[in-house]
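# Survey of secondary and tertiary structure
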Amino acid sequence: MSREGQKLDSAAGAGGVGIGVLSLDLLGQVLDRLREPRDRKACRLVSRAFERAEAAHRRALRVLRREPLPRLLRSFPALERLDLSACASLDDGSLAAAVAGAGGGLAGLRRVCLARASGVGWRGLEALVAACPRLEAVDLSHCVGAGDREAAAVAAAAGLRELRLDKCLAVTDMGLAKVAVGCPRLEKLSVKWCREISDIGIDLLAKKCPELRSLNISYLKVGNESLRSISTLEKLEELAMVGCSCIDDEGLELLSKGSDSLQSVDVSRCDHVTYQGLASLIDGRKFLQKLHAADCLHEIGQRFLSKLATLKETLTVLKLDGLGVSDSLLQAIGEGCNHLVEIGLSKCSGVTDEGISSLVARCSDLRTINLTCCNFITNNALHSIADNCKMLECLRLESCSLINDKGIKQIATCCPNLKEIDLTDCGVNDAALEYLAKCSELRILKLGLCSSISDKGIAFISSNCGKLVELDLYRCNSITDDGLAALANGCKKIKLLNLCYCNKITDSGLGHLGSLEELTNLELRCLVRITCIGISSIAIGCKSLIELDLKRCYSVDDAGLGALARNAFNLRQLTISYCQVTGLGLCHLLSSLRCLQDIKMVHLSWVSIEGFEMALRAACGRLKKLKILTGLKTVLSPELLQMLQACGCRIRWVNKPLVYKDC
Amino acid sequence: MASAGSGDEKAATVTLISSDNEHFEVPEAVATLSQTIRHMIEDGCTDGGVPLPNVTGRILAKVLEYCNKHAAASDKDELEKFDKAFVDIDDQATLFDLVMAANYLDIRGMLDLTCQTIADMIKGKSVEEIRETFNIKNDFTPEEEAEIRRENQWAFDD
């Protein structure tokens, strides 16, 4: 028992010595504290004890393929969160079988994500709900075929607290009723886009689910009566009704009679809502923090402003995109709500430097400022922002072409927390990037259409912005391979990269990108010089690649796609329109990439009809989205088209002319 | 300066007995950082001392160092500094002993601290490096290892 001063040297490593003294549970508790998935995966390979401990303690799992699903569910008995949204070709049968075979292993499962798992239906859901007594949250969003039977299956989970049915187009009042009656403890529900739902369904929901805290009825055809029902929900904190064109000021008036619990309201795109209705709604709300009214208001009257001022202490987010504003209005907003953290003025006409100055002078807590398309603002506005908003994290300036590097200098110097900046179409140059390089916290940088950006600018960014995750260089056509070399060296955490139309890039540049192991989304449209050599480097090196766009990469042929087929195992979305692929290459690609769910292949002029038939048959069970030339509709066999649709694939027929362009 | 009074002026103590028979007299307020000992005190079975057959005297001394500091101090920065120094140990075996003691004695803060320390030793390392750090032998067959590698890459994400 005594370990007096024993130093660990060359112990045999068999259980009982060194870290082996820790029980499986204690070792598992150590592994629980590893945040990075890579670390957990590394531990699985260290030794049998480590593997057992990791498996016994693993709480979250995102499965990529259908075949190992049963074994995985058996191996991880402590699972609480299961994500099957990326599980290629998952269908009812396999889900039901996997769940049945897991024994008691799913007893702790609380959250399941089946977003876009269009192959799953009520049988699979019934099996899942039956096997998971602790199920609290289910996400079925974008399972477009899901309807009332699926809703009924989920309704059997009596303890359900969160449910997402976004875009489950076939769900009607009947399905909603089943959920409402079966899940009285429901707290969060989204039925966005479920346009078969009417006021009747919402009324029953409000009666049966008094615990509702968050409700999303965006784009439904419901009217004011629904708001009357919703006003009875005493705990409702969040209400989103984007695009509900049957709702008007009267409805908001009804809603305002409800309890005071509302914290966040979204009436964006509600055509018939005016500032009067909003004024009634916010009258007396003691807890309202977020107000989204983008693209719905045409004007703002004094009544609204005075009610807005009553929210002075609590309002933190205000979105008024699309509204015509004035300097005095912005001043009034600044005076009325000086605790604002986020302001949205995208596409608002009438935004001037003076207006911005008076707004930010009183709102020093601002962290997110959206001035997309406010194209009259100049560096002066940026100066005011820099002077007042030291906590700034996100600044959107798309199309504000009057600003330049001097304004950016101020922002970069005074706002060290800057994480996201959108300078698309602003015409900034390398000098601006030299200043932005100071912002070491930068995560998202958008420079689309800034054609004066060159490798020099990229070098500046790469030298200090090591946390960069997203970089958009759309049409920054002065970028060359050297820029990519710098990027690969300095920004190793990049996940999203857009290099469309940067047509100076060659295989050598892609070779550098091959070292970016975290890269998930790569857009390379119209890079006419890249060939299979460059594609190989990407396919082999970018191990996390999920989405790739190669439209108009005219020199990419079967060899290039072959490299993808052999290496890009986790690729889910691919665009190869205009590539030089033949039927054989296409077939090989579609049969090898087992995770591929979404493919755009318009104008593959070298592929014959037989080639398309074979290739599409090979991928039949897995494809969910297909974009292809209209001309093929009459030529492909009806049997194939039926099969594709039966397996949940949505086909977009496109009628674009064949046009070659290289920039 | 002690005055006679109805209550005890001297704080209640409890005696902890290590596996190698070392006795430690400890104020209850300190000892009760351990939920295990706290339950024993509440159940009234601490007369004659509490035997802790799973903890040696050397380790128990260290545990009490932790408890003394955390029972007394209130300053967050001070505690952070102490914690950092507390786990700055060359000897891995001691660290593992502390994990086990914290678990056995149910001292939440110390368990978090020691487990996190070991986790930090694993963070960011490759498989080989982890094995080297803890002197672990690879007991997988080549087939088993290959299977796990395949699963890691193809079967799931996190």
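All figures in this text were calculated on a predicted structure; none of them were measured in a lab. (Residues numbered from 1 in each chain as written. Chains lettered and ligands numbered in written order. Predicted model: local features only at pLDDT ≥ 70, side-chain atom pairs only at ≥ 80, totals over all residues. Heavy atoms only, no water.)

Moving on to the domain arrangement of chain A. Examined at the domain level, chain A breaks down into domain 1 (22-53) and domain 2 (58-212). Relative to domain 2 of chain A, the C-alpha centre of domain 1 of chain A lies at a distance of 30 Å. (Domains from an automatic or database assignment.)

Our focus in this paragraph is the UniProt feature "domain: F-box/LRR-repeat protein 15-like leucin rich repeat" (unreviewed entry) in chain A. Under the present numbering, the feature "domain: F-box/LRR-repeat protein 15-like leucin rich repeat" (unreviewed entry) in UniProt falls on residues 360-589 of chain A. Taken as a whole, residues 360-589 of chain A contains 37% helix and 12% strand, while its terminal C-alpha atoms sit 54 Å from one another. (UniProt positions renumbered as here; feature names shortened; annotations may be inferred. Helix = DSSP H or I, 4+ residues; strand = E, 2+ residues; numbered from the N terminus.)

All right, on to the UniProt feature "domain: SKP1 component dimerisation" (unreviewed entry) in chain B then. UniProt records the feature "domain: SKP1 component dimerisation" (unreviewed entry) at residues 109-155 of chain B, using the numbering of this structure. Its end C-alpha atoms 36 Å apart, residues 109-155 of chain B is made of 77% helix and 0% strand.

Take the UniProt feature "domain: SKP1 component POZ" (unreviewed entry) in chain B next. UniProt annotation of "domain: SKP1 component POZ" (unreviewed entry) refers to residues 14-71 of chain B when read in the numbering used here. This span, residues 14-71 of chain B, is 47% helix and 19% strand, and a straight line between its end C-alpha atoms measures 15 Å.

For the rest of this paragraph, the subject is the packing of aromatic side chains. Residues and elements named next belong to chain A. What the rule picks out here adds up to ten aromatic pairs over all chains. Between Trp-193 and Tyr-219, the ring centres sit 4.1 Å apart and the planes meet at 0°, which makes this aromatic pair stacked. Of this pair, Trp-193 sits in the loop between β6 (188-190) and α9 (199-208) while Tyr-219 sits in the loop between β7 (214-216) and α10 (224-230), placing them 26 residues apart in sequence. Given a relative accessible area of 30%, Trp-193 falls into the partly exposed group. With relative accessibility at 16%, the residue Tyr-219 sits in the buried group. Summarising the aromatic geometry, the rings of Tyr-474 and Tyr-501 are spaced 5.8 Å apart at their centres and angled 80° between planes, so their arrangement reads as edge-to-face. (Phe/Tyr/Trp six-rings, centres within 6.5 Å; stacked < 30°, edge-to-face > 60°. Buried < 20%, exposed > 50% of the residue type's maximum accessible area, 1.4 Å probe, protein only.)

Moving on, we get to the sheet that holds strand β3 (residues 50-51) of chain B. Residue and element names in this part refer to chain B. With mixed pairing, the three strands of this open sheet are ordered in space as β2-β1-β3. Looking along the sheet, the strands with just one partner apiece sit at the ends: β2 (23-27) and β3. Sheet topology note: the strand β1 (residues 13-17)/β3 ladder contains two bridges and is parallel. What sits directly across from Leu-16, in β3, is Val-50. Lying on the sheet, helix α3 (residues 57-72) is in contact with β1 and β2; it crosses β2 at an angle near 15°. (Pairing = 2+ DSSP bridges. Contact = heavy atoms within 4.5 Å. Axes fitted to C-alpha atoms, helices over the stretch in contact; angles between N-to-C directions.)

It is worth spelling out the interface of chain A and chain B at this point. Of the residues lining the interface, 49 residues belong to chain A; the matching set on chain B comes to 47 residues. Summed over both partners, the interface of chain A with chain B buries about 4500 Å², with 59% contributed by carbon and sulfur atoms. Here chain A and chain B share five salt bridges between them. When the shortest N-O distance is used, the salt bridge between Arg-33 of chain A and Asp-112 of chain B registers 2.4 Å. Among the elements of the structure, α1 (24-32), α2 (37-44), α3 (48-57), β1 (60-63) and α4 (69-75) of chain A are those that each provide at least two residues to the side of chain A that touches chain B. Looking at which element gives the most residues to the side of chain A that touches chain B, the answer is α2 of chain A, with seven residues. The residue inventory of the side of chain A that touches chain B, partitioned by class, reads 25 nonpolar, nine polar and 15 charged. (Buried area = accessible area lost by both parts, 1.4 Å probe. Salt bridge = Lys/Arg side-chain N within 4 Å of Asp/Glu carboxyl O. Nonpolar A, V, L, I, M, F, W, Y, C, P; charged D, E, K, R; others polar.)

Let us now look at the packing of α2 of chain A against α3 of chain A. Packed helices, taken two at a time, are described by their axes: the angle between them and the distance between them. Residue and element names in this part refer to chain A. Two elements in contact, α2 and α3, have axes whose closest approach is 7 Å; the angle formed by their N-to-C orientations is 135°. Of the possible angle classes, the one that applies to α2 and α3 is oblique. Residues Arg-40, Cys-43 and Arg-44 of α2 form the contact with α3, whose participating residues are Phe-50, Glu-51, Glu-54 and His-57. Grouping the amino acids of the contact of α2 with α3 by side-chain chemistry returns two nonpolar, one polar and four charged. (Parallel < 35°, antiparallel > 145°, perpendicular 65-115°, else oblique.)

Our focus in this paragraph is a positive patch on the surface. Residues and elements named next belong to chain A. There is a patch of like positive charges on the surface, built from Arg-116, Lys-625, Arg-650, Arg-652 and Lys-656. Considering the arrangement of structural elements, one finds Arg-116 in the loop between β3 (111-113) and α6 (122-131). In this structure Arg-116 comes out as partly exposed when scored by relative accessible area, which is 47%. (Patch = residues over 30% accessible without salt bridge, like charges linked within 9 Å, V, L, I, M, F, W, Y side chains within 5 Å. Areas by Shrake-Rupley, 256 points an atom, 1.4 Å probe, with all protein chains shown as cover. Lys, Arg positive; Asp, Glu negative; His and termini not counted. Charge placed at Lys NZ, Arg CZ, Asp CG, Glu CD.)

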